[in-house]
Amino acid sequence: MQINYLKLYACLTLSGLTIWLVDQVWTMYQLKLISDATTKAFSQASQPKKIQIPLEQPSYKKPLTRKEREKEIEDARVCDFFIKEYRQNPTEENRLNMRKFCPIKSSN
């Protein structure tokens, strides 16, 4: 059996080049992954932190008792009465009574 050294040389050279090329491609892929991760980390670190403000504060009011509900209903009736009185007869006395029994509720 004769060995063809030219074919052996070509085969070993091509296999060595193939292994070297695969190694280079794998190294480039790893470097790209590292570069992308670093770029993402730097961009997140350089962006200012956003302050999140809740649009509406939740109201945690305790439930009213029966007496408190009845008092609110009665106050609303008295207020409605004085509003009607002021609309029928807009005098200073009716305006003062309306302001006294119909307090302006703040939104805070």
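Described in the following lines is the structure provided in the data block.

Criteria and cut-off values
Residues numbered from 1 in each chain as written. Predicted model: local features only at pLDDT ≥ 70, side-chain atom pairs only at ≥ 80, totals over all residues. Heavy atoms only, no water. Patch = residues over 30% accessible without salt bridge, like charges linked within 9 Å, V, L, I, M, F, W, Y side chains within 5 Å. Areas by Shrake-Rupley, 256 points an atom, 1.4 Å probe, with all protein chains shown as cover. Salt bridge = Lys/Arg side-chain N within 4 Å of Asp/Glu carboxyl O. Helix = DSSP H or I, 4+ residues; strand = E, 2+ residues; numbered from the N terminus. Buried < 20%, exposed > 50% of the residue type's maximum accessible area, 1.4 Å probe, protein only. Disulfide = S-S within 2.5 Å. Phe/Tyr/Trp six-rings, centres within 6.5 Å; stacked < 30°, edge-to-face > 60°.

Another aspect to go through is a nonpolar patch on the surface. Residues L14, L17, W20, L21 and V25 make up a contiguous nonpolar surface patch of roughly 550 Å² in combined accessible area. Here L17 is to be found in helix α1 (residues 5-46). We classify L17 as partly exposed; its relative accessible area is 48%.

Turning to the pattern of salt bridges, a few remarks are in order. Overall, the coordinates contain four salt bridges when judged by the stated rule. Close ionic contact of E70 with R66 constitutes a salt bridge, the shortest N to O distance being 3.1 Å. Taken together, the residues span about one helical turn, with E70 and R66 both in helix α2 (residues 66-88) at a distance of four residues. A salt bridge links K71 to D75, with the shortest nitrogen-to-oxygen separation between them at 3.1 Å. Pair noted here: K71 and D75 are both in helix α2, with a separation of four residues, about one helical turn. Residue classification places K71 among the exposed positions, given a relative accessible area of 53%.

The tally for this structure, following the rule as stated, stands at one disulfide. Residue C79 pairs covalently with C102 via a disulfide, S to S 1.8 Å. Taking the sign of the torsion about the S-S bond as the criterion, the disulfide between C79 and C102, at about 125 degrees, is right-handed. Of this pair, C79 sits in helix α2 while C102 sits in the segment after α3 (92-101); the two residues are 23 residues apart in sequence, bridging distant segments of the chain. Each of the two residues, C79 as well as C102, counts as buried.

Moving on to the packing of aromatic side chains. By the definition in use, this model includes three aromatic pairs. With a centroid separation of 5.8 Å and an interplanar angle of 35 degrees, the aromatic rings of W26 and Y29 are classed as tilted. One end of the pair is W26 and the other is Y29, both in helix α1 and three residues apart, which spans about a single turn. Taking 4.8 Å as the distance between ring centres and 5 degrees as the angle between the ring planes, the aromatic pair formed by F82 and F101 counts as stacked. Of this pair, F82 sits in helix α2 while F101 sits in helix α3, placing them 19 residues apart in sequence. Among the residues examined, F82 registers a relative accessible area of 16% and is labelled buried.

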